[in-house]
Amino acid sequence: MNKLLSCRYNMDTNRVEARFEDETTLAIDCIAVEDEYGTTPAQRAELDWLLWNKPLEYAQMVLRGEMERYLSLGCDHGRLEDLSLIHISEPTRLQLIS
């Protein structure tokens, strides 16, 4: 996998579907992400906001293992950083889509 091109939140499957430059497609299980990182109502609300408004940034943070650090900043979606490089650190939340 290389550059992440696009993401979309699929509310029917509760997954963020990410498409990469090499045509690889991954699905991020949002329930698993919420179960691991959304321990407070504010964190869960922030995760929901990201899903609906910034699915690309959501996917980048999950793939880079930065979700916990982001949420520790106080759940302020105005603090999104440039997360352009992808590093998969927790592949258990990912599913290849054929």
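Higher on the page you've got the structure.
Below you will find a few notes about this structure. Since we're looking at a predicted model, the values are computed, not measured.

### A word on the overall build of the protein
Along its length, the protein carries four helices and four strands. Along the protein, helices (α) and strands (β) appear in the sequence β-β-β-α-α-α-α-β when read from the amino end. By residue count, 39% of the 98 residues in the protein fall in the buried class. For the protein, restricting intrachain contacts to residue pairs at least 6 apart in sequence, the fraction spanning at least 24 positions comes to 48%.

### Concerning helix α1 (residues 30-37)
Every buried residue of α1 is accounted for by C30, V33, E34 and Y37. For α1, the arc enclosing every buried residue in end-on projection is 95°, short of the 170-degree limit, so these residues lie on one face. In this structure, the buried residues of α1 make contact with β1 (4-10), β2 (15-20), β3 (25-29), α2 (41-53), α3 (55-64) and α4 (67-72).

### Some thoughts on the nonpolar core
Counting 22 residues, the largest nonpolar core has V16, I28, V33, Y58 and M67 as its most contacted members. Those elements giving two or more residues to this core turn out to be β1, β2, β3, α1, α2, α3 and α4. When residues of this core are assigned to their parent elements, the largest contribution, five residues, is made by α3.

### Considering the packing of aromatic side chains
All chains considered together, the criterion is met by one aromatic pair. Ring centres of Y9 and W52 lie 5.2 Å apart, and the angle between their planes is 70°; this geometry places the pair in the edge-to-face category. With Y9 in strand β1 and W52 in helix α2, this residue pair connects regions lying 43 residues apart in the sequence.

Parameters and conventions
- Residues numbered from 1 in each chain as written.
- Predicted model: local features only at pLDDT ≥ 70, side-chain atom pairs only at ≥ 80, totals over all residues.
- Heavy atoms only, no water.
- Helix = DSSP H or I, 4+ residues; strand = E, 2+ residues; numbered from the N terminus.
- Buried < 20%, exposed > 50% of the residue type's maximum accessible area, 1.4 Å probe, protein only.
- Contact = heavy atoms within 4.5 Å.
- Arc of directions from axis to C-beta.
- Core = buried A, V, L, I, M, F, W, Y, C linked by side-chain atoms within 4.5 Å.
- Phe/Tyr/Trp six-rings, centres within 6.5 Å; stacked < 30°, edge-to-face > 60°.

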